[in-house]
Structures are given as C-alpha cells and as structure tokens.
Amino acid sequence: MCGIVGAIAQRDVQGILLEGLRRLEYRGYDSAGMVVRNDSGQLVRHRELGKVAALADAVDHQPLHGGTGIAHTRWATHGVPSQDNAHPHMSGERLALVHNGIIENFQELRESLEAEGYRFTSQTDTEVVAHLIEKHYQQTGSLLTAVRQARAILHGAYALAVMHADEPNCIIVTREGSPLVLGVGIGEHFAASDPLALLPVTDRFIYLEEGDLAQVELDQVQIWDREDAVVTRSVTRFEHSADAAEKGAFRHFMLKEIYEQPEVIRNTMAGRMTESRVLERALGAKAMELLPEIKNVQIIACGTSYHAGMVARYWIEELAGVPCSVEVASEYRYRKHVIQDGTLFLTISQSGETADTLAALRQGKDAGFRAGLAICNVAGSSLVRESDMVVMTQAGPEIGVASTKAFTTQLTALLMFTLALARQNGHSAENEKAIVEALHLLPGQIQEVLDLDADIAKLAEHFVEKHHSLFLGRGTLFPIAMEGALKLKEISYIHAEAYPAGELKHGPLALVDSEMPVITVAPNNELLEKLKSNLQEVRARGGELFVFADRKSGLKPEEGIHVMTLPEVHPIVAPILYTIPLQLLSYHVAVLKGTDVDQPRNLAKSVTVE
Ligand code: G6P
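Everything numeric here is computed off the predicted structure, so don't read it as measured data.

Draft legend 1. Geometry of the sheet that holds strand E6 (residues 95-103). Taken in spatial order, the 7 strands of this open sheet run E5-E6-E7-E8-E12-E13-E14, and their pairing is antiparallel. Strands at the two margins of the open sheet, each flanked by one partner only, are strand E5 (89-91) and strand E14 (230-231). Of the pairings in the sheet, the one linking E6 to strand E7 (residues 156-164) comprises 9 bridges and is antiparallel in character. When the bridges of E7 are listed, His99 appears paired with Leu160. Across the sheet, helix H4 (residues 126-140) lies against E5, E6 and E7, angled at about 130° from E6, the strand it touches most.

Draft legend 2. Up close: the pattern of salt bridges. By the definition in use, this model includes 29 salt bridges. Residues joined in a network through salt bridges with shared partners are Glu19, Arg22 and Arg23.

Draft legend 3. Up close: helix H2 (residues 52-61). For H2, the full list of buried residues reads Val52, Leu55, Ala56, Ala58 and Val59. Buried residues in H2, looked at end-on, bunch into an arc of 160°, giving them a common side. Turned more than 90 degrees away from the buried face of H2, the exposed residues are Asp57, Asp60 and His61. Among the structural elements, helix H1 (14-23), strand E2 (31-37), strand E3 (43-49) and strand E4 (68-74) are those in contact with the buried residues of H2.

Draft legend 4. Summary view of the sheet that holds strand E25 (residues 561-566). Read from one edge of the open sheet, 5 strands run E22-E21-E23-E24-E25, paired in parallel fashion. Sheet topology places strand E22 (495-500) and E25 at the edges, where each strand pairs with a single neighbour. Taken pair by pair, the neighbouring strands of this sheet meet at an average axis angle of 20°, ignoring direction. Across 3 bridges, strand E21 (residues 468-473) lies against strand E23 (residues 518-522) in parallel orientation. If you follow Leu470 over to E23, its bridge partner there is Val518. With respect to the sheet, helix H15 (residues 453-460) is in contact with strand E24 (545-550) and E25, its orientation differing from that of E25 by roughly 160°. Sheet strands touched by helix H16 (residues 477-492): E21, E22 and E23. Its angle to E22, the strand with the most contacts, is close to 175°.

Draft legend 5. Representation of helix H13 (residues 405-424) in the model. Taking 1.5 Å per residue, 20 residues should reach 28 Å; H13 reaches 29 Å between its end C-alpha atoms and fits that length. Gly426 sits one or two residues past H13 and shows a positive phi near 85°.

Draft legend 6. A look at the site of the ligand. In the vicinity of the ligand, 13 residues are found, and the nearest of them are Ser305, Ser349, Gln350, Ser351 and Thr354. Backbone polar atom of Thr304 to an oxygen atom of the ligand: 3.0 Å apart, as the coordinates give it. A distance of 2.5 Å is found between an oxygen atom of the ligand and a side-chain nitrogen or oxygen belonging to Thr354. If the ligand stood free it would expose 390 Å²; the protein chains cover 90% of that surface. Sorting elements by how many residues they give to the shell around the ligand places helix H9 (residues 303-320) first, with 3 residues. Taken together, the residues of the shell around the ligand break down into 4 nonpolar, 8 polar and 1 charged.

Draft legend 7. Expanded view of the environment of His506. Considering the arrangement of structural elements, one finds His506 in the loop between E22 and E23. Remark: the alpha-carbon pair of His506 and Ala496, spanning 10 residues in sequence, is separated by 18 Å.

Draft legend 8. Inspection of unusual backbone geometry at higher detail. With an omega of -5°, the peptide bond between His87 and Pro88 qualifies as cis. Along the chain, the position of Pro88 falls in the loop between E4 and E5. Positive phi, normally seen in glycine, also occurs at Asn169, with a value near 55°. Residue placement: Asn169 occurs in the loop between E7 and strand E8 (170-176). Phi angles above zero are rare outside glycine, and Asp228 is one such case at about 65°. You can see Asp228 is positioned in the loop between strand E13 (221-224) and E14. In this structure Asp228 comes out as partly exposed when scored by relative accessible area, which is 36%.

Draft legend 9. Local environment of the packing of aromatic side chains. Scanning the model with the defined rule gives 4 aromatic pairs in all. Here Phe463 and Phe546 contribute two aromatic rings whose centre-to-centre distance is 4.8 Å and whose plane-to-plane angle is 50°, an arrangement assigned as tilted. One end of the pair, Phe463, is in the loop between H15 and E21; the other, Phe546, is in strand E24, and 83 residues separate them in sequence. A relative accessible area of 1% places Phe546 in the buried class. The structure contains a cluster of three or more aromatic residues connected by ring pairs, namely Tyr332, Phe345 and Phe369.

Draft legend 10. Main features of the environment of Pro168. With respect to the helices and strands, the residue Pro168 is situated in the loop between E7 and E8. Once the C-alpha coordinates of Pro168 and Val98 are considered, the two residues, 70 residues apart in sequence, prove to be 17 Å apart.

Draft legend 11. Layout of the pairing of strand E1 (residues 3-8). With 6 of 6 residues buried, E1 is to be regarded as a mostly interior element. What you see with E1 is no split at all: Gly3, Val5 and Ala7 on one side and Ile4, Gly6 and Ile8 on the other are buried throughout. Here E1 pairs with E4 via 6 bridges, running antiparallel. Bridge assignment links Gly3 to a residue of E4, and that residue is Thr73. When E1 meets strand E10 (residues 189-192), the two strands line up antiparallel, connected through 4 bridges. Residue pairing in the sheet places Gly6 in a bridge with Ala191 of E10.

Draft legend 12. Structural detail: the side chain of Gln445. Positionally, Gln445 belongs in helix H14 (residues 429-450). On the accessibility criterion, Gln445 (12% relative accessible area) is buried. Setting aside residues up to four positions removed in sequence, Gln445 forms contacts with Pro567, Glu568, Val569 and Leu577.

Draft legend 13. Representation of the side chain of His427. In this fold, His427 is placed in the loop between H13 and H14. For His427, the residues in contact, after removing those within four places along its chain, are Leu319, Leu419, Ala422, Glu432 and Ile435.

Rules of the game
- Residues numbered from 1 in each chain as written.
- Predicted model: local features only at pLDDT ≥ 70, side-chain atom pairs only at ≥ 80, totals over all residues.
- Heavy atoms only, no water.
- Pairing = 2+ DSSP bridges.
- Helix = DSSP H or I, 4+ residues; strand = E, 2+ residues; numbered from the N terminus.
- Contact = heavy atoms within 4.5 Å.
- Axes fitted to C-alpha atoms, helices over the stretch in contact; angles between N-to-C directions.
- Salt bridge = Lys/Arg side-chain N within 4 Å of Asp/Glu carboxyl O.
- Buried < 20%, exposed > 50% of the residue type's maximum accessible area, 1.4 Å probe, protein only.
- Arc of directions from axis to C-beta.
- Expected span 1.5 Å × (residues − 1).
- Near = heavy atom within 4 Å.
- Polar contact = N/O pair within 3.5 Å; in protein donor to acceptor, adjacent residues only side chain to side chain.
- Areas by Shrake-Rupley, 256 points an atom, 1.4 Å probe, with all protein chains shown as cover.
- Nonpolar A, V, L, I, M, F, W, Y, C, P; charged D, E, K, R; others polar.
- Phe/Tyr/Trp six-rings, centres within 6.5 Å; stacked < 30°, edge-to-face > 60°.

Below is the structure:
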C-alpha cells in the first residue's frame, strides 16, 4: 500500500526521504517518486516504476538539492503501475502532491476540471486533487486555504501532503481515513504515513486525528481540526524505537507481534473504510467490475491462514448470502474438484509463497475460475503477482514462526471484503455501518485485552505440567478454538485439539478428566446457552475449564472454572478479539516451559516446498 514521507529542514532532505521510503517498503508498492524544491525555487521531481532502489539510482544520477520535499511509494488502485501514474503528481510546474487512499468522486471532479482546461497526464484519482488544489490556489493565493477548500469537495479516504514552489519551507498535510503522523525535530519537521519511516531523524511524533489539517514549517506546526478550529495535539515519544525486524524491548518477536495488533489492524483498515462503509475500490481496481459476477467463493489456504478462511466462510454465507467452501491447499490440489460458474478463488497467505497454496491457485486458474483474490502480507510475492485482485494486510514483517498479527489482519481484510461483496447482494447499509463501527472500535478493545496480559500469564501456570488440552468453540469461534489449539501445540508442544463444542459428546468427552484442561471462547451470542450446556458436561467429568467470555455471558468463576472477562463486542467481530487471549495464553505457557518461542522445533515460517 502507498506510503508518504515529507521533510522540511535546513539541509538537503533527499536522503531523509529515500530512507523513509525504504522503511515503508514492507507495505508493498509498485513505483516510487519524490519532489524537492531547489534553491532556485523550482520543483524538481523523479519518479520510477519498481523499487525504491531505482529511485535512489535516479537521485544518485541527478541529485535533488533542497530542504523541502515530499516522497511516495504507490500501490496501484486507479490506473496501472507506471511512471505517469506514480506520485508526486503536479499541477503545472509549481504545485506537487502525494496521496494515500481513494478519492471516490474523482470521475466527476476530473470531468469538470477538464472542462475548465486542466490537462491530465495520468489515470489516477490523485491528479484530480492536485488540479483541484491548484484551482483554489489561483483564487486565494494561499496553499493552506486552497487545501482546506479542496478537501471540503473530496469524498473518500485520504492522506495528503502538498507543497507549492511559491511557499518555501512549508508543507500542508491533511488526513481523512488514512494514517499520517508528523515528526518533530529541532528546527526541522517531517510527515509520514508510518512513524517507522522517520525513526532515523526523530522519535517524537504527533499523530494527526481524522479530519486534521496541518501547516508544517521549519520551526513549528499548526493544526486545525475538521471544523477548522486550531487544536493542539500532543507530542508522543515513539516507545519501541526498534526496527520492525528487531525485538526492541520485547523478550520475543511473538510477544512484540501480539502487541502490535491494535496498530496493524488499524493500518489494514486505513484508507479502506469511511466511518460507515467499506470502499470497494480499496479491494483493487478490478473489484467494482468483478464483485457483481461472484456467485460462490472457494477459499484455499494453509495453517493459520486456513483458520482465517474458516471464519470467513461463516461471514460470507451469513452476510453476503453467497455459498462458500474452504479447504487446505494440500488437500485441494490433489483431489478432483469442480469449479462452478462465477467462482471467486480466494487464497489467504501471510508469505504469499506457500507452495501448496500457489499450486492450488494455478490449478484453479487452469480450471477456469472467474477471478482470483489474494489476501496477503508480502507485496511482490508470487501469490500477489498471480492474482487478479489483492488485498494486502498491513501486518508489517512477521518474524515469529507462530503467526499472530498476520492472522488478525487477515480476518480484518476478509471482513472488509465480505462487506463489499455483501453490499452487492443486498446487505443493508445499516448492518454494514454497525459492523464498520465495531471494526473501528476493535483496536482499542484489543488493547484492553492486552492489558489483561498479567492475568493470562497467571492462568498459563495451570498448563505447564499438562500433556493434553481441548479447545472448544461454536460458530465463528470454532475456528478460533482451532487457532488457539494450533498456537499452543506449535510453541509449547502440548498436545492440543479443537472441537466444535456440539461435537463434544461424540467422542472427546471420553478424554476429559482432571488432567485435561478445557479452554473455551464464549462471547455472548446466540450459541451461548448451548455452549453453557457443553461446559456443564465437562465440569461433570472433573475437567478444569478456562473460559474467555464477556460480562453479559453471565459465566462466573467457581470451583474448577476460571473465567477471564473480555470487552463486549459485535458478534461479527468477536472472533478477531477472542484470538488475542489465546495467543497470550500459548505464549506464556511456552515461556514457562522454556521452549524456543520464536523458532519452534521442526517448523518454518514460509513453507515454499511441499
Ligand atoms: C507455516 C507457518 C504458519 C502459516 C502457514 C501458512 O506453517 O508456520 O504460521 O500459517 O505456514 O503460511 P502462509 O504464509 O501461506 O500464511
């Protein structure tokens, strides 16, 4: 996904901008560019298709000297990856802009700007914004006012950084639905879509809020909120000033990655949803054309990604009313399968290089599926390159072999996809709004669960001497029970099985005794009463219960029943929230057992062979 970096300093900023872009590479992109105001007051721009390294070569060849500049990595949505479509976009020679997100009303704006004589050189929605701001600049002579007036006309989600050759030492930035932070230096200031981009130059950040507009100058920043009132936003020190591929203050990568989940889920949603709806275009340029043709969905994945697919099946059938099958890739590829008309082939993979998943995708393509959609965390991976549509998760590099943040960002992406598909099939705007609102609340609620870490670490003590365990769930929480069991077996080597709670009587109940802890995820949903009966069945056989539930479930701790209370959530997003305590539980059991948490025996992060 796109990345923004901007800098104003009393030194050349080209190196700062390039390093910032390198640090945003993990987000995925297909072209890169930058513009700098030189000492003669001209804007000089380089744009390159491909990697930041290509841009660095261009800058080496023709340096961009100057103290004010903006830079960008682009992930194509409107218009193919190309030099013309790469950012920064300019209106004339004097105004340049970089943009993350999607402008929904770009078509009508483009037509009216063309009618007024503006000439377009790209297929992007971004260029519309450049000309629109230029038009207002002509009328007002102030970049700040021009951006303010232009954004009142824009619909969609965006973060913008804009500069004008006639306003030296000034960048105007604004955000609405896409992330943007300001970096605070001494006599210099910066902007970026991710603080990681600016860590070499500062550790002090101002996180802009939705609707904020800021004038960034050498010695100061001024910020206005959506109502144009001057506001002061606090300066925060970046707590984990470690690089993404360093553990920083955390003992293990897995713990660091568990704790990153509020932020990476926010990043995965950024620019893809308004306050009340998902933006179809965020699913890629082809989504608008393909989604109405989808009559059924075949999900293929492995490991943790398969569990994400299992949750998605419940969502897709419930919300979109579209038939959905889900299967592990290694099974699917070696059996005869039938591809129906209008099949969307949905692959899910953190790495995008899992051999079985790739092989299944290629078979599905040969068998004539309608379209391939990949949910993936690694830009430029084989899966991404070979799919018609891609939704990148924004988990950042995941180092721990046991997948955590990749899983919850996959679920977030899958739910956004489901909502877009559901809209095509008559899902009400009101229901969509309720779910989108629940998604916006989710990062904060995950933080509340992370705050229970010490209590969960205490629970973990009960597992250290155990050899077996049973995880139970119903509905969308059954795949979460499977994921919980997978985490525990992967890193603590305790045998863990997951069952849909309704199957308990059909076999596993025979195993339950005081040596078999039973873990269950039990939010207050329509299956709760049935689940409670299953729990009684366990208790009656002396099994010790560990229940994760919300207050409304009415489940109380008693002899042999440990209850951990989680925040109340919309039932549709509950599987995402309920994953977190199970990750923490496994982590602490593994630490107590002294296993190699980040690199468990016999396992690999990316399974590129069969
Ligand atoms: C390996 C990893 C798991 C992952 C699975 C699928 O088993 O250890 O964490 O879930 O592969 O990988 P993918 O990259 O396709 O999601």
